[in-house]
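Listed below are the residues making up each chain.
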Amino acid sequence: TQLLEQSPQFLSIQEGENLTVYCNSSSVFSSLQWYRQEPGEGPVLLVTVVTGGEVKKLKRLTFQFGDARKDSSLHITAAQPGDTGLYLCAGELWVVYGGSQGNLIFGKGTKLSVKP
Amino acid sequence: DSGVTQTPKHLITATGQRVTLRCSPRSGDLSVYWYQQSLDQGLQFLIQYYNGEERAKGNILERFSAQQFPDLHSELNLSSLELGDSALYFCASSTGLAGFYEQYFGPGTRLTVT
């Protein structure tokens, strides 16, 4: 069972459309990060959210962390071909005792294709 | 460019062999993390070092080991290689320990075991 479930797994849309990618879990996370990965390259950090209910905007990308810190969403407005890639969410599990260690749990990703 | 370097970029070897992957973290970063990415499992955390000491272990096989040196670079050693070890291996670094010290990933080493 995947600790972080991402949906959809694949998304193919036309340029100019809006889309939302979801990242869900039954576990609480102390922080959650979104990455974008190109084929054959390492993931590139887009944003980190740490507070329940937090909303962060990065140009046409809007990230939201759920109030209970168990889920997150990424919304892209007016998608462009340059947005094509694998979008990964990654969470750091909340550990009551001992503090967090920083190692991330990754979802399997959403492969986005934006056609001109 | 994340500032994290990994060598080699590609590695092809035979089953039963041993290889060493190398990672240099971003300047000033004390934490190094190793991840394995395969098509069916996605990105899996292997092990973390902080300032030379092992801090956390994930799904790392006993055939695999790692260390972080005084200059903070890290090496991941994979031995008795099997076909299933073929994957992309990523190193990431961060300033501190906690997750909100953001992790920056290197370009990865693609390991192919034949």
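Residues numbered from 1 in each chain as written. Chains lettered and ligands numbered in written order. Predicted model: local features only at pLDDT ≥ 70, side-chain atom pairs only at ≥ 80, totals over all residues. Heavy atoms only, no water.

Caption draft 1: Structural context of the environment of S12(A). Residue and element names in this part refer to chain A. When you line up the elements, S12 lands in strand β2 (residues 10–14). Spatially, the C-alpha atom of S12 lies 6.0 Å from that of V114, the residues being 102 residues apart in sequence. Leave out the neighbours within four places in its chain, and S12 touches S113 and K115. A polar contact is formed between the side chain of S12 and the side chain of K115, at a distance of 2.7 Å. (Helix = DSSP H or I, 4+ residues; strand = E, 2+ residues; numbered from the N terminus. Contact = heavy atoms within 4.5 Å. Polar contact = N/O pair within 3.5 Å; in protein donor to acceptor, adjacent residues only side chain to side chain.)

Caption draft 2: Just the state of the cysteines, in detail. Residue and element names in this part refer to chain A. Summed over the entire model, instances satisfying the criterion amount to two disulfides over all chains. Here C23 engages in a disulfide with C89; their sulfurs sit 2.0 Å apart. What sets the handedness of the C23 and C89 disulfide is the S-S torsion sign, and at about 75° it is right-handed. You can see C23 sitting in strand β3 (residues 19–24) and its partner C89 sitting in strand β9 (residues 85–93), a full 66 residues away along the chain. Comparing C23 with C89, the two get one shared label, buried. (Disulfide = S-S within 2.5 Å. Buried < 20%, exposed > 50% of the residue type's maximum accessible area, 1.4 Å probe, protein only.)

Caption draft 3: Representation of the nonpolar core within the structure. With 21 residues, the main nonpolar core has V19(B), L21(B), W34(B), L76(B), L78(B), Y89(B) and L111(B) as its most contacted residues. At the level of secondary structure, the elements contributing two or more residues to this core comprise β3 (19–24), β4 (31–38), β5 (42–50), β7 (64–68), β8 (74–78), β9 (87–94) and β11 (109–113) of chain B. When residues no more than four places from it in sequence are discounted, the contact partners of L76(B) are V19(B), T20(B), L21(B), W34(B), L46(B), I60(B), S65(B), A66(B) and Y89(B). If you look at the next biggest cluster of nonpolar residues, it comprises 20 residues, including I13(A), C23(A), L61(A) and F63(A). (Core = buried A, V, L, I, M, F, W, Y, C linked by side-chain atoms within 4.5 Å.)

Caption draft 4: Broad picture of the packing of aromatic side chains. Evaluation of the coordinates by the stated rule reveals nine aromatic pairs over all chains. Each ring, one from W34(A) and one from F63(A), has its centre 6.5 Å from the other, and the planes form 45°; the classification is tilted. Placement of the pair is W34(A) in strand β4 (residues 29–37) and F63(A) in strand β7 (residues 61–65), with a sequence separation of 29 residues. Across the pair, F63(A) and W34(A) agree in class, each one buried. Between Y35(A) and F105(B), the aromatic rings sit 5.3 Å apart at their centres with planes inclined by 85°, giving edge-to-face as the arrangement. You can see Y35(A) sitting in strand β4 and its partner F105(B) sitting in strand β10 (residues 104–105), one on each of two chains. Judged by relative accessible area, which is 4%, F105(B) ranks as buried. (Phe/Tyr/Trp six-rings, centres within 6.5 Å; stacked < 30°, edge-to-face > 60°.)

Caption draft 5: Quick peek at the interface of chain B and chain A. Residue-level contacts link 23 residues of chain B with 21 residues of chain A. Interface area, chain B with chain A, both sides summed: about 1600 Å², of which 51% is carbon and sulfur. For the side of chain B that touches chain A, the elements supplying multiple residues, two or more each, are β4, β5, β6 (53–57) and β10 of chain B. A breakdown of the residues in the side of chain B that touches chain A according to their chemical character gives twelve nonpolar, six polar and five charged. (Buried area = accessible area lost by both parts, 1.4 Å probe. Nonpolar A, V, L, I, M, F, W, Y, C, P; charged D, E, K, R; others polar.)

Caption draft 6: Representation of the pattern of salt bridges within the structure. All names here are of chain B. Scanning the model with the defined rule gives six salt bridges over all chains in all. The partner of D29 in a salt bridge is R26, with the nearest N and O atoms 2.8 Å apart. Connected through shared salt-bridge partners, R63, E82 and D85 make up one network. (Salt bridge = Lys/Arg side-chain N within 4 Å of Asp/Glu carboxyl O.)

Caption draft 7: Up close: the sheet that holds β8(B). Residues and elements named next belong to chain B. Across the sheet, which stays open at both edges, the four strands sit in the order β1-β3-β8-β7 with antiparallel pairing between neighbours. Since the sheet does not close on itself, it has two edges, and those belong to β1 (5–7) and β7, each with one partner. The sheet shows a mean angle of 15° between the axes of neighbouring strands, taken without regard to direction. Looking at chain direction, β1 and β3 are connected through three bridges and run antiparallel. Bridge pairing in β3 places Q6 opposite C23. (Pairing = 2+ DSSP bridges. Axes fitted to C-alpha atoms, helices over the stretch in contact; angles between N-to-C directions.)

Caption draft 8: Highlighting the layout of surface pockets. Estimates place the volume of the largest pocket at around 700 Å³. Taken together, 26 residues make up the lining of the largest pocket; nearest its centre are L86(A), K111(A), Q37(B), S38(B) and L39(B). Sorting the residues of the lining of the largest pocket by element identifies β9 and β11 (110–115) of chain A together with β4, β5, β9 and β11 of chain B as the ones contributing at least two each. Of the residues assigned to the lining of the largest pocket, the class counts are ten nonpolar, twelve polar and four charged. (1 Å grid on protein atoms, 1.4 Å probe; cavity = no way out; pocket = protein on both sides within 12 Å on 5 of 7 lines; lining within 4 Å. Points joined across faces, edges and corners; volume = space filled by probe spheres on them.)

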